[in-house]
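Architecture and fold: a report
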Amino acid sequence: MFYLSLIEHTLCLPPQLLGLPLNEAIKGELESLFVDKVIANLGLCVSVYDIRSIDGGFVFPGDGASTYTVEFRLVMFRPFVGEIITAKLKESDSNGLRWNQVIWMWDYQKQKFPIDGIDEIRFQVQSVTYPPIPVEQPKESKPFAPMVIMGSLDYDGLGPVSWW
């Protein structure tokens, strides 16, 4: 579910940050660039774990920023296929549940079990994909999702946590 990913990045450090200790300034810039962002095939960045090396510090002509090559590790969220995850319902439609305030009813042996936006849902990951970024998006379309996790409730112990 959580992984450490080693990244090398060329970072421009703005002049106003040069008064801070170098590690602190670079870590702040890395956090603003990567935390809460999805990196294709790596997952969702949760935090900057550590900085392994900092090289450079070059100031290019006409630019007040210093440029560094930084090697660092990020804590990434990337579930694996078969993993059991618990999440809150946001949206549902004919394609399935996406975790919202719509109530679904599951009929099982003449009993009705509600699935609503209140319960946490436990599901098994079926796939994790990183769709290509669209060049243009229609105005009425849903926001682009850079990471799509498809799951299933078809196994013992899965579904709303309150059922179990």
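Starting from 1, residues in each chain are numbered consecutively following that chain's sequence as written. Confidence filtering applies because this is a predicted model: local features only for residues at pLDDT of at least 70, side-chain atom pairs given and counted only at 80 or more, and all residues used for totals across whole chains, interfaces and linings. To get the side-chain values, take all heavy atoms of the structure and skip hydrogens and water.

Here we come to the overall build of the chain. Starting at the N terminus, helices and strands are each numbered in turn, a helix being any DSSP run of H or I of at least four residues and a strand any DSSP run of E of at least two. Scanning the chain from terminus to terminus reveals 1 helix and 12 strands. Helices and strands in the chain line up, N terminus first, as β-α-β-β-β-β-β-β-β-β-β-β-β. Only protein chains enter the area calculation, which uses a 1.4 Å probe; residues under 20% of their type maximum are buried, those over 50% are exposed, and those in between are partly exposed. Looking at the chain as a whole, 28% of its 164 residues are labelled buried. Total accessible area computed for the chain in this model is approximately 10,800 Å², and 56% of it derives from carbon and sulfur atoms. The accessible surface values rely on the Shrake-Rupley method and a 1.4 Å probe; as for residues, cover is taken only from the protein chains in view.

Position of Arg52 among the secondary structure elements: in strand β3 (residues 43–59). Linking Arg52 and Glu8, residues 44 residues apart in sequence, is a C-alpha distance of 9.5 Å. Two residues form a contact once any of their heavy atoms are found within 4.5 Å. Those residues in contact with Arg52 that sit more than four places away from it in its chain are Leu6, Glu71, Phe72 and Arg73.

With that out of the way, let us pick up helix α1 (residues 22–34). Expected helix span is given by 1.5 Å per residue-to-residue step, counting one fewer step than there are residues. Across its 13 residues, α1 extends 18 Å between first and last C-alpha, which sits within 8% of the 18 Å expected from 1.5 Å per residue. Inspection of α1 places Ala25, Ile26, Glu29, Leu30 and Phe34 among the buried residues, and these make up the whole buried set. The buried residues of α1 occupy an angular sector of 145° when the element is viewed end-on, so they sit on one face. Residues of α1 that are buried in the fold lie against β1 (2–13), β2 (38–39), β3 and β4 (66–77). Once α1 finishes, Asp36 follows within two positions and takes phi at roughly 70°, a positive value. Of all possible arcs, the one meant is that of the directions from the helix axis to the C-beta atoms.

In terms of nonpolar packing, the biggest core is built from 16 residues, with Ile26, Leu30, Val70, Phe72 and Leu74 touching the most fellow members. Listed by contribution, the elements that provide at least two residues to this core are β1, α1, β3 and β4. Top contributing element to this core by residue count: β4, with 5 residues. Phe77, Phe123, Tyr130 and Met147 belong to the second-largest nonpolar core, a separate cluster that totals 6 residues. For the purposes of this section, nonpolar cores are sets of buried Ala, Val, Leu, Ile, Met, Phe, Trp, Tyr and Cys residues that join through side-chain atoms within 4.5 Å.

Quick look at the environment of Leu42 now. For Leu42, the position within the fold is in the loop between β2 and β3. Once the C-alpha coordinates of Leu42 and Leu74 are considered, the two residues, 32 residues apart in sequence, prove to be 9.9 Å apart. Apart from residues no more than four positions distant in its own chain, Leu42 is found in contact with Ser5, Ile7, Met76, Phe77, Arg78 and Tyr130.

The strands making up a sheet associate through hydrogen bonds between their backbones, and the pairing can be parallel or antiparallel. Only when DSSP finds a minimum of two bridges between them are two strands counted as paired. Spatially, β1-β4-β3-β2 is the arrangement adopted by the 4 strands of the open sheet, whose pairing is antiparallel. Each of the sheet's edge strands pairs with one partner strand only, and the pair in question is β1 and β2. Of the pairings in the sheet, the one linking β1 to β4 comprises 12 bridges and is antiparallel in character. Bridge assignment links Leu6 to a residue of β4, and that residue is Arg73.

A few words on the confidence of the model for the chain. Parts of the prediction with low pLDDT should not have their coordinates interpreted in detail. Averaged over all residues, the pLDDT of the chain equals 84, while 85% of them reach at least 70. What pLDDT expresses is the predictor's confidence in each residue, scored from 0 to 100. Summarising per-element confidence for the chain, the mean pLDDT is lowest in strand β7 (residues 96–99) (52) and highest in β4 (96).

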